[in-house]
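Close look at the chain arrangement
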Number of protein chains: 2
Amino acid sequence: MTDKTELDAVIKALAHPVRRQILAWLKDPERWFSEQHTSLDGGVCAGMIDKKTGLSQSTTSAHLATLQRAGLVETQKIGQWIYYKRNEANIRAFLDAISTSL
Amino acid sequence: MTDKTELDAVIKALAHPVRRQILAWLKDPERWFSEQHTSLDGGVCAGMIDKKTGLSQSTTSAHLATLQRAGLVETQKIGQWIYYKRNEANIRAFLDAISTSL
DNA sequence: AATATATATCGGAATAATTCGATATACAAT
DNA sequence: ATTGTATATCGAATTATTCCGATATATATT
């Protein structure tokens, strides 16, 4: 997050309510994604997030890709599923960066 | 900043490099706007900011308006000049809000 | 091999943000 | 009153973002 373009990507990623909402859901997966049968420690699978956003599968996928490019989430692919979880280190790094730069 | 729409406006306002740059300049007016003859305590007048952005007067004015609507800067009008300065309380409130919500 | 499922990517339409020059408004000075 | 200066606002062009349905890719199952 020392780089300026990185910070730009992160702020732009956060500048959409749906993407912030997704990050908020991922903060407490047990609460919001209890239907998922596999362990939530590995992340929440994309389809569960689709269902919650109310947007189309492709749109939600694009939002997730934006979050990932910004480093705000990390993914793990298992079989045909892709599990998303917050990248807490990068989120903290962003908060530090914005706190000192702003 | 307790309101959700407020936070949205602030993040959107920050999601543009020029607006962040303006906020950064306003952090140290003595350094960046030493040419201004009136006291910098009252803020930096809009025209000086125009000159620095490299954008047109109207565009810079729009950016300043966005920052103001978001509450990130406050203004003081003296004669035909409008002086801009950071609203430190609101900036801090934003940092608190994003730190806890993110 | 064929079918089904999960997710990503593509192409395009709709909307929003950025930018500019031109004009309007407000104030100051002659 | 006129002229000049500072800033805001308008209208329009450009660019970026969001969104969708359709298709592609990868994996799993039969």
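Owing to the predicted nature of the structure, the values given are computational and were not obtained by experimental measurement. (Residues numbered from 1 in each chain as written. Chains lettered and ligands numbered in written order. Predicted model: local features only at pLDDT ≥ 70, side-chain atom pairs only at ≥ 80, totals over all residues.)

**Topic: the relation of the copies chain A and chain B**
- In the superposition of chain A on chain B (RMSD 0.0 Å, axial shift 0.0 Å), the rotation amounts to 180 degrees. Considering both components of the superposition, the chain copies are consistent with a two-fold axis. Distance from the rotation axis, computed per C-alpha, reaches its smallest value in chain A at Ala15(A): 3.3 Å.
- Of the interface residues in chain A, 100% have counterparts in chain B that sit at the interface too, so the contact is made through matching surfaces. (Least-squares fit on C-alpha atoms with pLDDT ≥ 70 in both. Contact = placed C-beta atoms within 7 Å.)

**As for the sheet that holds strand β1 (residues 44-45) of chain B**
Residues and elements named next belong to chain B.
- The three strands are arranged β1-β3-β2 in an open sheet whose pairing can be described as antiparallel. Lying at the two open borders of the sheet, with one neighbouring strand each, are β1 and β2 (73-78).
- Relative to strand β3 (residues 81-86), β2 is paired through six bridges, and the arrangement is antiparallel. Pairing of Lys77 across the sheet is with Ile82, part of β3. (Pairing = 2+ DSSP bridges. Helix = DSSP H or I, 4+ residues; strand = E, 2+ residues; numbered from the N terminus.)

**Notes on the interface of chain A and chain B**
- If you look at the interface, chain A gives twelve residues, while chain B gives twelve residues.
- Contributions of two or more residues to the side of chain A that touches chain B are made by α1 (4-14), α2 (17-27) and α6 (88-101) of chain A.
- Taken together, the residues of the side of chain A that touches chain B break down into nine nonpolar, one polar and two charged. (Nonpolar A, V, L, I, M, F, W, Y, C, P; charged D, E, K, R; others polar.)

**Considering the protein's contact with DNA strand D**
- Within the structure, DNA strand D sits among 22 residues, and Ser58(A), Thr59(A), Gly79(A), Gly47(B) and Ser58(B) are positioned closest to it.
- Secondary structure elements with two or more residues in the surface near DNA strand D: α5 (57-69) of chain A together with α4 (46-53), α5 (57-69) and β3 of chain B.
- Ranked by residues supplied to the surface near DNA strand D, first place goes to α5(B) with six residues. (Near = placed C-beta within 6 Å.)

**Remarks on the protein's contact with DNA strand C**
- Around DNA strand C, 22 residues are found, and the nearest of them are Gly47(A), Ser58(A), Ser56(B), Ser58(B) and Thr59(B).
- Among the secondary structure elements, those contributing two or more residues to the surface near DNA strand C are α4 (46-53), α5 and β3 (81-86) of chain A together with α5 of chain B.
- No other element matches the six residues that α5(A) contributes to the surface near DNA strand C.
- Taken together, the residues of the surface near DNA strand C break down into ten nonpolar, eleven polar and one charged.

**So, α1(A)**
- Along α1(A), the residues classified as buried are Leu7(A), Val10(A), Ile11(A), Ala13(A) and Leu14(A). Take α1(A) and look down its axis: the buried residues cluster within an arc of 160 degrees, on one side only. Residues of α1(A) that are exposed and point more than 90 degrees away from the buried face comprise Lys4(A) and Thr5(A).
- Structurally, α1(A) contributes buried residues whose contacts are with α2, α5 and α6 of chain A together with α1 (4-14) of chain B. (Buried ≥ 20, exposed ≤ 12 C-beta atoms within 10 Å, placed from the backbone. Arc of directions from axis to C-beta.)

**Brief notes about α6(A)**
- Spanning 14 residues, α6(A) covers 20 Å between terminal C-alpha atoms, matching the ideal 20 Å at 1.5 Å per step.
- Turning to α6(A), its buried residues number three or more, namely Ile91(A), Phe94(A) and Ile98(A). Down the axis of α6(A), the buried side of the element spans an arc of 55 degrees, and every buried residue falls inside it. Away from its buried face, by an angle of more than 90 degrees, α6(A) presents the exposed residues Glu88(A), Ala89(A), Asp96(A) and Thr100(A).
- Buried-residue contacts for α6(A) involve α1 and β3 of chain A together with α6 (88-101) of chain B. (Expected span 1.5 Å × (residues − 1).)

**Some words on the sheet that holds strand β1 (residues 44-45) of chain A**
All names here are of chain A.
- In spatial order, the strands read β1-β3-β2; together these three strands make up an open sheet with antiparallel pairing. In this open sheet, the two strands that pair with only one neighbour each are β1 and β2 (73-78).
- Bridge analysis of β1 against β3 gives two bridges, and the strand direction is antiparallel. Across the sheet, the residue bridging to Val44 is Tyr84, located in β3.
- The strands touched by α2 are β1, β2 and β3; relative to β3, the strand with the most contacts, the crossing angle is about 90 degrees. (Axes fitted to C-alpha atoms, helices over the stretch in contact; angles between N-to-C directions.)

**Some words on the packing of helix α2 (residues 17-27) of chain B against α5(B)**
Residues and elements named next belong to chain B.
- It is the contact of α2 with α5, at a shortest axis distance of 10 Å, that shows an interaxial angle of 75 degrees. Overall, the two elements α2 and α5 adopt an arrangement that is roughly perpendicular. The residues of α5 that touch α2, namely those facing Val18, Arg19 and Ile22, are His63, Thr66 and Leu67.
- Residue composition of the contact of α2 with α5, grouped by class: three nonpolar, two polar and one charged. (Parallel < 35°, antiparallel > 145°, perpendicular 65-115°, else oblique.)

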